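Geometric and topological summary
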Amino acid sequence: MDVLASAYDSDEESSPVNDKGGEVSELNFDESASVLQAIKEKFTPDSAPYVADKVTVKNVARVDPKTNQLMYNPKFDELYIPKVGPENPNKTRQQKAPRNMLSGYVEHAHINRFDFDTQRRTFHIMGYAVDPSNVDAPSEKPKYVGDKEKADKEQGASVVELPAKKRIGAKRKTVDRGDASVVDGYLGPWAGYVDEKKIAKPSEEELSLLEEKFGAKKKVGAEEEIKDVEAKTILHIDDPYDYQGRSFLHIPQDLDVNLRSDDPPLKCFIPKKCIHTWSAHNKGVAAIRYFPKSAHLLLSAGMDCKVKLWEVYNERRCIRTYIGHSKAVKDISFNHDGTNFVSAGYDRHIKLWDTETGECVRRFCNHKLPYCIQFHPGGHRKDYFLVGCSNKKIYAWDTRTGGIVQEYDRHLGAVNTVTFVDKGRRFVTTSDDKSLRVWEWDTPVDMKYVAEPGMHSMPSVTLHPNGKWVLCQAMDNQIHCFGVLNNFRMNRKKNFKGHMVAGYACQIDVSPEGRLVVVVYACTF
């Protein structure tokens, strides 16, 4: 530092001296700067060194293929130079082709409006037109599209060149319009043609074609043709009568259970295991009904259009099969003593059967789909039964005359259940309109209407054995209890919850002593 300071000091005349007393030579700053610059150039890395190109590259300006406007006049080599960069190997030939719209490449063509309309009209009237692709070569023979034979016959004449008769055909003759001075009989411009047909009617060939095309198709909402099936029965046992001549309807007395007693057992228990399975139906079972009072017989309605009668005790055999429906059986019901029963099917037929002989006593039909059926519990109205149908009505039929004696029409949806209460003097119905209605017999106006905003439809209703309560299985996974004696008020303390029946029309039942409520429902583990 002392040396540099002494070098810049111009006032001192004496030469600089080192620490040992010797003289120091003067520094040349131009030489030191050049040395530093050479060292810097030697050790500084070059980020872009010059590399000699082995391939000769033409200095050609590339034109972007997507550009729509050029500001200069490019050369041929510049327009058709190949694209720079790799191609997409996944593109098809159609995708690689140049296009200026979604469906392809459109070129604007200039054509006379009159020529275009002339060829269009010629094609629609005569069936041929000049090929537009051959317009640029007028020296060649013109080509035609469409009916080429007709084009050769007419020598390619257009509608403008054709005579009027060939262009529009022969003029149709009109009916005499009459004298304008006479008002009566004057047709004027409203006169029709001589060969005009006022009523259009298809020919026999057209009718056959229409029947083949549309005959098999069914109109939406059209009712099917109701076909009745011949009723028959099959007896499956060899001993329908015992040694005293009594049929299988007779209540057995050789059992450990007294089936003749009207008193219910003191206590009923929950079943723990399956003791028997009846299997004879080819499809599902829609309804099961016990024989009145004794319950020693079981009646089942199957989706295979059959009704079967079974033994509940002893050998538990299939006693008889009743065949008389063309479609699945929806519901069945015994009369008060079990000697007859009625069956309702999806074929819109209701049939009354003799339980012992299997004979079809009477047929009923009102062309409506029956959803539920219930015999009157007894008394002087024992020959009547009620049917809830899909047309929102309930019909009362008389088995003696085969006619409808009363209609109950107040529901807003299909009727799901019919249940008699108060010894048959009243009955309760539920519907898809999410309501419950109470009716008096022979009175077509409901005496009680139960509906709440939170209520759901109730497809299953059961009367309690003591006759004081009505239990309804709702589709909101609850069982509601209505009191018969207190004007059918809902007992909110007796709502049963905890099971899942939403989407399933599950049936409910009550044990004979009235302590247990049983419901079969679908569960997921």
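Residues numbered from 1 in each chain as written. Predicted model: local features only at pLDDT ≥ 70, side-chain atom pairs only at ≥ 80, totals over all residues. Heavy atoms only, no water.

**Brief notes about the overall build of the protein chain**
- The helix and strand tally for the protein chain stands at eight helices and 25 strands.
- Evaluated residue by residue, the protein chain yields a buried proportion of 31% over its 525 residues.
- Carbon together with sulfur atoms contributes 52% to the accessible area of the protein chain, which is approximately 37900 Å² in total. (Helix = DSSP H or I, 4+ residues; strand = E, 2+ residues; numbered from the N terminus. Buried < 20%, exposed > 50% of the residue type's maximum accessible area, 1.4 Å probe, protein only. Areas by Shrake-Rupley, 256 points an atom, 1.4 Å probe, with all protein chains shown as cover.)

**Digging into helix α5 (residues 113–126)**
- Between its terminal C-alpha atoms α5 stretches 20 Å, which fits the 20 Å expected from 14 residues at 1.5 Å a residue.
- For α5, the complete set of buried residues consists of T118, T122 and M126. Across the axial projection of α5, the buried residues extend over an arc of 35°, all falling on one side. Summarising the geometry of α5, the exposed residues directed more than 90 degrees from the buried face are R113 and H124.
- Where α5 is buried, its residues touch β1 (128–130) and α6 (148–153). (Expected span 1.5 Å × (residues − 1). Arc of directions from axis to C-beta. Contact = heavy atoms within 4.5 Å.)

**Topic: a positive patch on the surface**
- A surface patch of like charges, here positive, comprises K66, K83, K91 and R99.
- Judged by relative accessible area, which is 47%, R99 ranks as partly exposed. (Patch = residues over 30% accessible without salt bridge, like charges linked within 9 Å, V, L, I, M, F, W, Y side chains within 5 Å. Salt bridge = Lys/Arg side-chain N within 4 Å of Asp/Glu carboxyl O. Lys, Arg positive; Asp, Glu negative; His and termini not counted. Charge placed at Lys NZ, Arg CZ, Asp CG, Glu CD.)

**Let's talk about the state of the cysteines**
- According to the stated counting rule, one finds zero disulfides in the structure shown.
- No disulfide involves C365; its sulfur sits 10.0 Å from the nearest other cysteine sulfur, which is in C389.
- Judged by relative accessible area, which is 30%, C365 ranks as partly exposed. (Disulfide = S-S within 2.5 Å.)

**Regarding the side chain of D347**
- Its location among the elements puts D347 in the loop between β9 (340–345) and β10 (350–354).
- One buried charged residue, D347, remains without a salt bridge, the closest side chain of opposite sign being K351 at 5.8 Å.

**A word on the environment of R316**
- Relative to the elements of secondary structure, R316 occurs in the loop between β6 (306–311) and β7 (318–323).
- Note on R316: relative accessible area 24%, which makes it partly exposed.
- Between the alpha carbons of R316 and W278 there is a distance of 7.9 Å; along the sequence they are 38 residues apart.

**Some details on unusual backbone geometry**
- Positive phi outside glycine occurs at K293, with the angle close to 70°.
- Relative to the helices and strands, K293 is located in the loop between β4 (285–290) and β5 (297–302).
- Positive phi is not limited to glycine here, since H367 has a value of about 60°.
- Taking the relative accessible area as the measure of exposure, H367 reaches 45% and is therefore partly exposed.

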